[in-house]
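# Observations on chain architecture
Read off the chains here:
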Amino acid sequence: MVACVHVARILPGKREEFVRQLKEGFEAGREGLRALGFTRVVSFTTPEASADGEALLVTVYEADDPSVVERFYSLQPVIEQERRAHSVLVAPHDHDAVPKNVAFVDIDLRSP
């Protein structure tokens, strides 16, 4: 199991709209995400590392292999959604590094 992280800067005043769209998209695509090989997707926003009313989106993708994340970001519907969001809801960015942004600490405290 691997966890990959994606971080994006949400543009000022766009947090609520972006969070709504992202949440709806992930919830509607739940079975598709599972079929791709994701085991968990967790997204949240944080204003701590930003300025001027911006927020950061942090999404953690869990899957058996980082290639699942690569396949996800190569899907046409995902590419189109990203194209619509960039410069409107979030600052433009790429996703090439996301499959490489794996956790350097991963401690499961549920097991002995």
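Everything discussed here concerns the structure shown above.
Residues numbered from 1 in each chain as written. Predicted model: local features only at pLDDT ≥ 70, side-chain atom pairs only at ≥ 80, totals over all residues. Heavy atoms only, no water.

This next bit is on the nonpolar core. Within the largest apolar cluster, 14 residues are counted, with the highest numbers of intra-cluster contacts made by Phe38, Tyr61, Val69, Phe72, Tyr73 and Val98. Sorting the residues of this core by element identifies strand S1 (2-10), helix H2 (30-36), strand S3 (55-63) and helix H3 (67-74) as the ones contributing at least two each. Counting residues per element, this core draws most heavily on H3, which supplies four residues. Residues contacting tyrosine 73, with those up to four places away along its chain left out, are His6, Tyr61, Val78, Ile79, Glu82, His95 and Val98. Grouped together as the second largest cluster of nonpolar side chains are eight residues, Ile10, Ala55, Ala85 and Val90 included. (Core = buried A, V, L, I, M, F, W, Y, C linked by side-chain atoms within 4.5 Å. Buried < 20%, exposed > 50% of the residue type's maximum accessible area, 1.4 Å probe, protein only. Helix = DSSP H or I, 4+ residues; strand = E, 2+ residues; numbered from the N terminus. Contact = heavy atoms within 4.5 Å.)

The next point concerns the layout of surface pockets. Of the volumes computed, that of the largest pocket is approximately 550 Å³. Listing elements by their share of the lining of the largest pocket, those giving two or more residues are helix H1 (15-28), H2, S3, H3 and helix H4 (76-85). Top element by residues in the lining of the largest pocket is H4. It accounts for six residues. Taken together, the residues that form the lining of the largest pocket break down as 14 nonpolar, eight polar and two charged. Here the second largest pocket defines a volume of roughly 470 Å³. What lines the second largest pocket is a set of 18 residues, among which Phe26, Glu27, Leu33, Val41 and Val42 lie closest to the centre. For the lining of the second largest pocket, the secondary-structure elements that each account for two or more residues are H1, H2 and strand S2 (38-46). Counting residues per element, the lining of the second largest pocket draws most heavily on S2, which supplies eight residues. Here the lining of the second largest pocket is composed, by residue class, of nine nonpolar, three polar and six charged. (1 Å grid on protein atoms, 1.4 Å probe; cavity = no way out; pocket = protein on both sides within 12 Å on 5 of 7 lines; lining within 4 Å. Points joined across faces, edges and corners; volume = space filled by probe spheres on them. Nonpolar A, V, L, I, M, F, W, Y, C, P; charged D, E, K, R; others polar.)

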